[in-house]
Structures are given as structure tokens and as C-alpha cells.
Amino acid sequence: MGQCCSCCKSKKGKFAAYKKDNTTPLLKKLKDELPPSTRVVVIKLEHARDLASAETFSGMSNPYFEMMLKPADKYAGEQQQRSTAKHRTLNPRWEPAERFQFVVSDMETSRIVISCYHRFNDTETKVLGDAVLSTKDVGDQPSITTLKLINPDNGKFHGDVELEVVHMDVNHASSVEEHRVYEYQRWQPVVHWGSDYPGHLLPTDPGRWSTADGKKFGETFSEVEPPLPAGWEVIAPWATTLTTGDLGGWQYSVDFKSVSWHEEQGFGMYVRRRLWTREVANHSLDSKIPN
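J.: In this structure, what is going on with the packing of aromatic side chains? I would like to understand it.
T.: Both the distance between ring centres and the angle between the ring planes are used here to describe each pair of aromatic rings. Applying the stated rule across the entire model yields 11 aromatic pairs. Taken together, the ring pairs connect Tyr182, Tyr184, Phe217, Phe256 and Trp261 into an aromatic cluster. The ring of Trp250 has Arg272 lying over it, and the distance from NZ or CZ to the ring centre is 4.1 Å. Over the face of the ring belonging to Tyr182 we find Arg273, whose NZ or CZ atom lies 4.0 Å from the ring centre.

J.: I tried to follow the pattern of salt bridges on my own but got confused; where do I start?
T.: It is possible for side chains of opposite charge to pair when their charged atoms get near one another. Within this structure, the stated rule accounts for 10 salt bridges. Of the charged contacts in the structure, one is a salt bridge between Arg208 and Glu183, with a shortest N-O distance of 3.2 Å. Remark: Glu183 occurs in strand E10 (residues 176–188) and Arg208 occurs in the loop between strand E11 (192–194) and strand E12 (209–211); sequence separation between them is 25 residues. When its relative accessible area of 28% is taken as the criterion, Arg208 is described as partly exposed. Ionic pairing is found between Asp205 and Arg186, a salt bridge with its closest N-O pair at 2.8 Å.

J.: Explanation requested: the side chain of Thr277 in the structure shown.
T.: Looking at the element boundaries, Thr277 is found in strand E16 (residues 271–282). When its relative accessible area of 12% is taken as the criterion, Thr277 is described as buried. Not counting chain neighbours up to four residues away, the residues in contact with Thr277 comprise Glu178, His179, Arg180, Pro237, Trp238, Ala239 and Thr241.

J.: Please explain unusual backbone geometry as it appears in this structure.
T.: Excluding glycine, residues mostly have negative phi values, and the peptide bonds linking residues are mostly trans. Omega for the peptide link from Lys70 to Pro71 comes to -15 degrees, which places this bond in the cis form. With respect to the helices and strands, the residue Pro71 is situated in the loop between strand E3 (63–70) and strand E4 (80–82). Residue Pro198 follows Tyr197 across a cis peptide bond; omega there is 0 degrees. The residue Pro198 is located in the loop between E11 and E12 in this model. Its identity is not glycine, yet Asp50 carries a phi of approximately 55 degrees, on the positive side. Considering the arrangement of structural elements, one finds Asp50 in the loop between strand E2 (39–49) and E3.

J.: Help me understand the nonpolar core, please; the structure alone is not making it clear to me.
T.: For soluble globular proteins, the rule of thumb is that nonpolar side chains tend to be buried together. Within the largest apolar cluster, 27 residues are counted, with the highest numbers of intra-cluster contacts made by Ile43, Phe65, Met67, Ile112 and Leu163. Those elements that provide at least two residues to this core are E2, E3, strand E5 (93–104), strand E6 (111–119), strand E7 (125–134), strand E8 (143–150) and strand E9 (157–169). If sequence neighbours within four positions are ignored, Ile112 has contacts with Val41, Ile43, Met67, Met68, Leu69, Phe102, Ala131, Val132, Leu133 and Thr135.

The rules behind each value
- Residues numbered from 1 in each chain as written.
- Predicted model: local features only at pLDDT ≥ 70, side-chain atom pairs only at ≥ 80, totals over all residues.
- Heavy atoms only, no water.
- Phe/Tyr/Trp six-rings, centres within 6.5 Å; stacked < 30°, edge-to-face > 60°.
- Lys NZ or Arg CZ within 6 Å of the ring centre and 35° of its normal.
- Salt bridge = Lys/Arg side-chain N within 4 Å of Asp/Glu carboxyl O.
- Helix = DSSP H or I, 4+ residues; strand = E, 2+ residues; numbered from the N terminus.
- Buried < 20%, exposed > 50% of the residue type's maximum accessible area, 1.4 Å probe, protein only.
- Contact = heavy atoms within 4.5 Å.
- Core = buried A, V, L, I, M, F, W, Y, C linked by side-chain atoms within 4.5 Å.

In C-alpha cells, the structure reads:
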């Protein structure tokens, strides 16, 4: 199912500036504009094995995965997502499995490039291996697929990644929604980044947490947590998302209520935020929608 292609290249350096948010809000925006033949490819990242080592002394790596749809979809555009990173392991597991989805209007020719990276720090990375998932090989029933990773240093297979994959129609995929909450921190001399008060936050700071639109802040998570609608249930619990920001998921700015956030800390940027998400599903609606 997987094969190497010219787009799978080693890179070491700063992460690319362009990163797309999880496809759930994208799907909601485009739902009425997509042709009936459009499918949504859902990938669950479960674990990887026997990855290449990037650290000389420990013999370990800090692996994470990036997934990118190639070519950019005619209707949905570029779609790129990233998993959380695991610390010092060559056999990482994601428990629960991390879920990604891609809007695909051409299942015959599209492919999803899956790359494993080692994280040195918040800006420096090194590719450990690449694989390609052809969307035409993804069925309408969930199945487990194992893709071998090609080490770009020598062109040889080195490790593999296990995924659960399935495709579904747009209405079916739309029965899943994403809830979002932001967490904030402030940098202070000596104590550096944190959200304690007193210590990190100022008396004028609005709070450690906010709703996704930034209209409501609170000191506790429960103050801003979206309610679970009647008939819906949680299918993926709250977790930080790394599809935006630096490799730790953080975005930087000069103020909690700023409209401009950046992936790298710049001059005067002593505030940062990261996104937390959970997924909920309306299974009463899901059961009425044919796949």
C-alpha cells in the first residue's frame, strides 16, 4: 500500500511555516460546496516499531508523525497534520490512538505522505522515515495497515507504522464535531514559562484558559469547557493538538487577547497559547446516514 516517492525527502531545520488545522472545522466550512463523490479519509495513529535512532548517546529518538495530502485537494486545498511527540523511544505508542482526517475529492490519484521525525527541540527536527498511503487503497470499513518507513539517509527500510484507516462520505464524517479550548502561559524572569498566580500571570491577565473564540476566559478548565449536547458522546478525550504552533503546540504573542499569533517567539512576545481539542459524535445521526 505504501511506496516511496520524490516528495519524501530528508529535512533538518525549522519546521515549515504552513500547517493546517485539524480537518473537522474545514469540513464544516466546505460541506455544502463539496461534490457528492467527495470522501473523508480517517486515519488513526496507533504505534510505530523499530524506528531509526537519532540520539548518539542514548540510541533513542523523540518521534512524531506528520501527514500531508498530495496533491492539494481541488476543493479543500492543502491539508497537513501532525501528531504529538513521544520521548526517547524507538517503539512509540499513542494511547488513545490519535485521529486525523483528510477531505479527498479524487480518491484514485491522491496520496497521503506519512513522515516520521525526531524532535531535537521546539524548532529543530530530523526526518527518520517516510511512507505513502494511496487513498485508492483505503476501504469503507476500518482496517489496520502497516507501512514500512524508508530511511532517507540510506534509502533502506527502517521501522514501520501501524494505522487504522477508513473512508466515509461527507455527511457521515460530519456527525463528528471538534470542541476547542486554549491554554495560556506567560514568561517571567527566573521562573520562565508557566500559568501560576502569583508567579507567572499578572493581575491584569484574563485567565489561564479561554474558549476557542477568545470571548470567555477562566482560571479553570471547567469555566470554558464546551457543554456536551444531548445525544452526543465523547469519542476522543481532551488532548493538546500539535497541528498549529511550534513543535510543542505553542503559539506566541504580546497579549492574551491578541489577534496575531506566531509559531516562533519574537521580540516582546511573553505570552503563549496552545490548543486543546476533543471529538464528540452524534451517533443517533450517524446511524441514519448510509455509508
